[in-house]
There are 2 protein chains.
Amino acid sequence: MKKPAPPRPGGRSERVKTAVFDAVEHLIADDPGGIPSMAAIAVRAGVNPTSLYRRWGDVNILVAEVATERLVRDLPVPDTGSLHGDLTGWASNVARNLNNRKNSALLRIMTATARASRTARDLNSLPIGRRIAELEAMLARARKRGEYAPDLMDILDFVLAPIYLRVLFMGAIRDADFVGRLVDRVLSPPL
Amino acid sequence: MKKPAPPRPGGRSERVKTAVFDAVEHLIADDPGGIPSMAAIAVRAGVNPTSLYRRWGDVNILVAEVATERLVRDLPVPDTGSLHGDLTGWASNVARNLNNRKNSALLRIMTATARASRTARDLNSLPIGRRIAELEAMLARARKRGEYAPDLMDILDFVLAPIYLRVLFMGAIRDADFVGRLVDRVLSPPL
DNA sequence: GGATTAAAGCAATAAAAATTGCAATAGCGA
DNA sequence: TCGCTATTGCAATTTTTATTGCTTTAATCC
C-alpha cells in the first residue's frame, strides 16, 4: 500500500490551498465556460466554504489566482544549440500546453482577470511574466552564441500573440506547421 | 431645441434593450475590472430587474452580448488606393478603438465569454467575425487592383493578434508606430 | 510536551440574487 | 380605434451567496 506523501511545508494551510486549487481546476475542466461557485469548490476540495471566503474573499479572485498559477507555471526552456530550435521547441510547448479544454479555459480566465499594467515597467510582473522570463533566457543564450536575436517584444507580438488568438477566438490550433511558420517569420530579419 | 429622435422600430422592447446595453457599457466604463450586478444594471437603465432575468437570464450572458455587439460594431474600411494604406488605416482604427478603458474592458469580456468555434467552418460567426469581414473586403479590393494580398489568417496573426495582446496583457498601445510596423511586416512577402 | 497562534470548521444569520404569479402597459395590426 | 399579445412592472417569496461569532484543530516554537 502506497504511503501517503509527507505533508509539504506550510502544513494544513498549504494542503487546503492545494486541494482548493485542484478543485477549481477540475471544475473548470468539467465546465470550461463557467466560473464555479464557492460552494461547489468547497465541496470538491473537502473544505468549508467559510475558509474560502476568509482566505480569498471572492470567487473571481480565487479563480484568477488559480488560472495564473496553474497555467503560467514554468515551461522548460529548450537548449538545442540554435535560437531557431530553442524558439520552435518553446513555442510548441506553449501551443501544446494550451491545446486542451482546461488550459484554454484557464487562459481565458487569466485574460479576463488580468489587471493590465499601467506602466509596463516590469514586464515580469505581467500575467505572462513567466513566458517573458523564459524568452529572455533564450534570447540571452542566443546572443551569447553570436546569433541574431530579435527583440523580445517581436516574439511576443508574432509568436505568442497569434497562439493566444487562435486559442481564444478559434478554438484550437489545428495547423501542425503553424508554430514553425511563426518562428520562421519572426527570425527573418526585418527588411 | 433639438427634437428627440423618433423611436426606433421595435418599440418599448427595443428601447429597453438600448437602455440596458447603455447601462452595461457605462457601468463597465466606471469599473473596468468588474462585472456589474443585475440590480445595478436595472437601476441604471431604469427598468425592472425581473425584465433582465426574463430576457437574458444571467448577467454573464447579458454582458457578453453587450460586449460583442458594442465592441465589434462595424469599423469603416478605408479606401486609400493601396492595401498598405487601407490596412494601416483599418488597424489604426482597431487600435484606437481599443485604447480606452471601456473598450479594453469590453474586449476582455468578449475574450472571456467567447465560445470558441469547434470547426472554424464559418469564420464570420466568430466574435471577431466583423473584423474578418472587414479584412475580406479589403483584401478583395487589393486583389482587384492586382496587388499582392497576404492570407487573411496572416493578418489576423500578425496584425490583430499583437494589438489584442498589447491591450489585454500590457494595458495599452503606447508605441505610436506600432501599427505601422505590424502592417509593414505582414505585407513583406515571406522569404 | 505544552503553550500559543493562525487557520479552518460549524451553525446561525444577513444580504443579495433569482424566481414566481399576477397585473399593467406598449404597440402592432386589422 | 380597438383587440390582442408580448413585454414589462410589482411585490412576495425562494434560493443562493456571504458574513459572523465562537469553537476546534494543526503545527510551530520554546
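In case you missed it, the structure is sitting above this.
Residues numbered from 1 in each chain as written. Chains lettered and ligands numbered in written order. Predicted model: local features only at pLDDT ≥ 70, side-chain atom pairs only at ≥ 80, totals over all residues. Heavy atoms only, no water.

Enquirer: Can you lay out the overall build of chain A for me, pointing to particular residues and giving the numbers?
Expert: Within chain A, the regular secondary structure consists of nine helices and zero strands. Mapped from its N terminus to its C terminus, chain A presents α and β elements in the order α-α-α-α-α-α-α-α-α. By the burial criterion, 48% of the 191 residues in chain A qualify as buried. For chain A, restricting intrachain contacts to residue pairs at least 6 apart in sequence, the fraction spanning at least 24 positions comes to 66%. Here chain A displays about 9,500 Å² of accessible surface, and carbon together with sulfur accounts for 53% of that area. (Helix = DSSP H or I, 4+ residues; strand = E, 2+ residues; numbered from the N terminus. Buried < 20%, exposed > 50% of the residue type's maximum accessible area, 1.4 Å probe, protein only. Contact = heavy atoms within 4.5 Å. Areas by Shrake-Rupley, 256 points an atom, 1.4 Å probe, with all protein chains shown as cover.)

Enquirer: A description of the protein's contact with DNA strand C should follow, citing residues and the corresponding values.
Expert: In the region of DNA strand C, 18 residues are neighbours, and Ser51 and Arg55 of chain A together with Arg12, Arg15 and Tyr53 of chain B sit closest. Across the atoms of DNA strand C situated within 4 Å of the protein, the share located in sugar and phosphate is 67%. With respect to DNA strand C, the side chain of arginine 12 of chain A contributes an N or O atom lying 2.9 Å from a base nitrogen. In this structure, a base nitrogen belonging to DNA strand C sits 3.3 Å away from a side-chain N or O atom of threonine 50 of chain A. The element that contributes the greatest number of residues to the surface near DNA strand C is helix α3 (residues 49-55) of chain A, accounting for four residues. Within the surface near DNA strand C, the residues separate by chemical class into four nonpolar, eight polar and six charged. (Near = heavy atom within 4 Å. Polar contact = N/O pair within 3.5 Å; in protein donor to acceptor, adjacent residues only side chain to side chain. Nonpolar A, V, L, I, M, F, W, Y, C, P; charged D, E, K, R; others polar.)

Enquirer: Please provide a residue-by-residue account of the pattern of salt bridges, values included.
Expert: Summed over the entire model, instances satisfying the criterion amount to 28 salt bridges over all chains. Lysine 102 of chain B is the salt-bridge partner of glutamate 25 of chain B, the closest N and O atoms lying 2.5 Å from each other. Of this pair, glutamate 25 of chain B sits in helix α1 (residues 11-30) while lysine 102 of chain B is found in helix α6 (residues 101-113), placing the two residues 77 residues apart along the sequence. Each member of the salt-bridge network shares a partner with another, and the members are Asp79, Asp86, Arg141, Arg145 and Glu147 of chain A. (Salt bridge = Lys/Arg side-chain N within 4 Å of Asp/Glu carboxyl O.)

Enquirer: Tell me what's going on with the protein's contact with DNA strand D, and back it up with residues and numbers.
Expert: Around DNA strand D, the structure places 18 residues, and the nearest of them are Arg12 and Tyr53 of chain A together with Arg12, Ser51 and Arg55 of chain B. A breakdown of the atoms of DNA strand D within 4 Å of the protein gives sugar and phosphate a share of 66%. At a separation of 3.3 Å, a base oxygen of DNA strand D approaches a polar side-chain atom of threonine 50 of chain A. Take tyrosine 53 of chain A: an N or O atom from its side chain is 2.4 Å from a phosphate oxygen of DNA strand D. Of all the secondary structure elements, the ones that give two or more residues to the surface near DNA strand D are α1 (11-30) and α3 of chain A together with α1 and α3 (49-55) of chain B. In terms of residue count, α3 of chain B provides more of the surface near DNA strand D than any other element does, four residues in total. Taken together, the residues of the surface near DNA strand D sort by class into four nonpolar, eight polar and six charged.

Enquirer: Explain the nonpolar core residue by residue, including any values.
Expert: Ranked by internal contacts, the top residues of the largest apolar core, which has 129 residues, are Val20, Ile163 and Tyr164 of chain A together with Ile163 and Tyr164 of chain B. In terms of residue count, the dominant contributor to this core is helix α8 (residues 152-170) of chain B (15 residues). Each residue touching isoleucine 163 of chain B, except ones within four places of it in the same chain, is listed here: Ala91, Val94, Ala95, Leu98, Ile173, Phe178, Val179 and Leu182 of chain B. (Core = buried A, V, L, I, M, F, W, Y, C linked by side-chain atoms within 4.5 Å.)

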